[in-house]
Every structure is written in structure tokens, then in C-alpha cells.
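Fold and geometry: a report
So the chains spell out like this:
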Amino acid sequence: MKNAMTIDVEDYFHVSAFAHHIPREHWDHLPCRVERNVERILELLARYGARATFFTLGWVAERYPRIVRAIVENGHELASHGYGHRRVAEQPPAEFRADVTRAKAILEDIAGVAVKGYRAPSFSINGDNLWALEALAEAGYRYSSSIYPVRHDHYGMPEAPRFAHRPRQGGVLELPATTVQLFGRNLPAAGGGYFRLLPYAVSRWMLARVNRHDGQPGIFYFHPWEIDPQQPRQKGVGAKARFRHYLNLSRMEGRLIRLLEDFQWDRMDRIFLNETR
Ligand SMILES: [Zn+2]
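The structure reproduced in this document is the subject of the present report. (Residues numbered from 1 in each chain as written. Predicted model: local features only at pLDDT ≥ 70, side-chain atom pairs only at ≥ 80, totals over all residues. Heavy atoms only, no water.)

With respect to the packing of aromatic side chains
Counted according to the given criterion, the structure contains 17 aromatic pairs. Both rings, one in Phe13 and one in Trp27, keep their centres 6.4 Å apart while their planes meet at 45°; by these two values the pair is tilted. Pair noted here: Phe13 is in the loop between strand S1 (2-9) and helix H1 (34-47) and Trp27 is in the loop between S1 and H1, with a separation of 14 residues, a long-range link. Here Phe13 matches Trp27 in class, with each residue buried. Ring geometry for Tyr148 and Tyr155: centres 5.6 Å apart, planes at 0°, overall stacked. Residue Tyr148 is classed as buried on the basis of its relative accessible area of 0%. Taken together, the ring pairs in this structure connect Phe195, Tyr200, Phe220, Phe263 and Trp265 into an aromatic cluster. Against the face of Trp59 rests Arg63, its NZ or CZ located 3.9 Å from the ring centre. Residue placement shows Lys104 over the ring face of Tyr141; its charged tip is 5.8 Å from the ring centre. (Phe/Tyr/Trp six-rings, centres within 6.5 Å; stacked < 30°, edge-to-face > 60°. Helix = DSSP H or I, 4+ residues; strand = E, 2+ residues; numbered from the N terminus. Buried < 20%, exposed > 50% of the residue type's maximum accessible area, 1.4 Å probe, protein only. Lys NZ or Arg CZ within 6 Å of the ring centre and 35° of its normal.)

Next comes the structure, spelled out in C-alpha cells:
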């Protein structure tokens, strides 16, 4: 079974946990690492014959159109992470609509391909803002991968279905981040900080369990800054945010390689949108 590999294309200073420490006005003056890191990811995927979906920030695409074109030229799916990396709850519906419309237009103009998928910053779609799925359909998107059916301090919708579903009629298809159900609880199994925290064997077991026990493809995600242990260190952030961001960065690339060796990977649209099979 093929699983979906996804990359949220943003830089180290875009992460929500740093939002209170790095004002948006500073973004343009910080040293960017995303271009080189995406190039490294493209090399890595090519080496293992894997295809992936790149949920790319409009902010990044505007400044680095070359990587947007490289993503498409390498046979990957170009998708949207919105423009300015605001959580859905931080934006009134009209602003959300403008953000996702702007990001889609920028990406499509640069790459010349249709953008079908969207991932909300920090998996910030939940039971309080399912209207966003209708707004995405209105903006021309076909699917979202923005709900994480887990309990977490910053995101999550533990009661959401764990696999593809359409929470709102007239809204896009939702493809939730992968979880494993154990002892009546959903455990996060989609990557991110947990992938760096847990031993690799645990992550491998969880993904294999979703494939075998649930008979479903998994959706794995990571960020370009996670394979970049040399990134500038952010001062003044709390201990928890620091731990989550910097933990085991130096081990990430090696673990990704094992993941690429142990499983087969493809784009979200090929795995989940029937008509592109
Ligand atoms: Zn993000």
C-alpha cells in the first residue's frame, strides 16, 4: 500500500509556536533557509523514487518561485498552506477566504498547474470552524488535510473521523492526519514533533498498523526546517516550544531515509482523489 508523504513548506520563523516572539514584520529580514532545505528534500525523494505533496505557503512561493517550479518539475503535487500562516480561528471567514484564495492564485500563476489541496497552519480546522471547508470549496480547492483527530494543547478534533470524510455538505473532502487507535484513544501517528520524539521503530509500527489493521493509507508530514539542525536558534521562547521545535533535529534526516526505505510514498491527489489514479 502507498502512503501519502507531505511537506509543509514554510521556514523556521513561520511556526505558530514562535508567533508571539517573531512579529510578521520581521519575516522579511530574517535569514531564509527554506529554499536550500526544499532542494535537499527534493534530492532525498528523488533518490528513493518517492512522490509527495508540498503544502506551500504563498509567502514562500512569492519569494522563492524557483522552488515552486522545482516541486512540479520533479513530479510532486503542489498544494497550498495558505498565504500568511495564520491559524483558522485567528481569522474571520472573509479573511480566511482571502488568504486561501490569494495563496492558490500565487501558486498556480508560478507553477501553471491546478492547486487542489490545502492544509491549515497547525491543523487548525476543528469542530468550531468547519465552515472553513465550505470556504475552501468556494475558493476552488478539492480537499483539505487540516484536521488532526487527537487531543493536543494547540490543535486537534479527537471526535473527528480518522479517515477521509466530508464533514460539511458542499465543503471539500477532509483527509485527516494519521492516527492510531489504541485503548479507545487516538494517538498521533502522522509525523511532526512526535516522529522526532519517539524511537523510529514506534513510528514505523504505527504506520504499518494503519495500513494493515485499518486497511488505510497513512498521511505523514514534516517541515523543511526539521532537517536543518543549523537553523538560527530563536531566543526567548518557552521551554516547551523550544523542546518541541529543536528536539532531535539532527536525527530527522536519517529517520526520514528509513521511512522512505520501509514504505512506499505517493502524492495525496493520486492516493485519495480517484480520478487522478
Ligand atoms: Zn505550517
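From this point, the discussion proceeds with the structure in view.
Brief notes about the layout of surface pockets
To find leftover empty space, one rolls a probe the size of a water molecule over the atoms. Estimated volume of the largest pocket: approximately 620 Å³. Forming the boundary of the largest pocket are 31 residues, of which His152, Tyr155, Gly193, Tyr221 and Arg244 lie nearest the centre. Of all the elements in the fold, those that place two or more residues in the lining of the largest pocket are helix H6 (192-197) and helix H8 (239-246). A class-by-class count of the residues in the lining of the largest pocket yields 13 nonpolar, 10 polar and 8 charged. Lining the second largest pocket we find 18 residues, and of these Ser16, Ala19, His20, Arg24 and Glu90 sit closest to its centre. The residue inventory of the lining of the second largest pocket, partitioned by class, reads 8 nonpolar, 6 polar and 4 charged. (1 Å grid on protein atoms, 1.4 Å probe; cavity = no way out; pocket = protein on both sides within 12 Å on 5 of 7 lines; lining within 4 Å. Points joined across faces, edges and corners; volume = space filled by probe spheres on them. Nonpolar A, V, L, I, M, F, W, Y, C, P; charged D, E, K, R; others polar.)

Quick notes on the coordination of the zinc ion
Ligation of the zinc ion by protein atoms is provided by Glu10 (OE), His81 (NE2) and His85 (NE2), these donors lying 2.0 to 2.1 Å from the ion. Along the chain, the residues donating to the zinc ion fall in the pattern E-x70-H-x3-H. Separated by 75 residues along the polypeptide, Glu10 in the loop between S1 and H1 and His85 in the loop between strand S3 (77-80) and helix H4 (93-111) bring together distant segments of the chain. Residue Glu10 is classed as buried on the basis of its relative accessible area of 2%. The buried category is assigned to His85, whose relative accessible area is 7%. (Donors = N, O, S within 2.8 Å, 3.2 Å for Na, K, Ca; no water.)

Some words on the pattern of salt bridges
In total, this model carries 22 salt bridges according to the counting rule given. Glu62 is the partner of Arg63 in a salt bridge, and the nearest nitrogen-oxygen pair spans 3.5 Å. Here Arg63 falls in the partly exposed class, since its relative accessible area comes to 30%. The partly exposed category is assigned to Glu62, whose relative accessible area is 38%. Two residues, Arg196 and Glu226, come together in a salt bridge whose shortest N-O distance is 2.6 Å. Here Glu226 lies in the loop between strand S9 (219-222) and H8 and Arg196 lies in helix H6, a separation of 30 residues in the sequence. Comparing Arg196 with Glu226, the two get one shared label, buried. Sharing partners across several salt bridges, the network here consists of Glu35, Arg36, Glu39, Glu43 and Arg66. (Salt bridge = Lys/Arg side-chain N within 4 Å of Asp/Glu carboxyl O.)

A short note on the environment of Arg166
For Arg166, the position within the fold is in the loop between strand S5 (143-144) and strand S6 (173-174). With 56 residues separating them in the primary sequence, Arg166 and Phe222 have C-alpha atoms 24 Å apart. Aside from chain neighbours lying at most four places away, what touches Arg166 is Gly171, Val172 and Leu173. Separated by 3.0 Å, the side chain of Arg166 and the backbone oxygen of Gly171 make a polar contact. (Contact = heavy atoms within 4.5 Å. Polar contact = N/O pair within 3.5 Å; in protein donor to acceptor, adjacent residues only side chain to side chain.)

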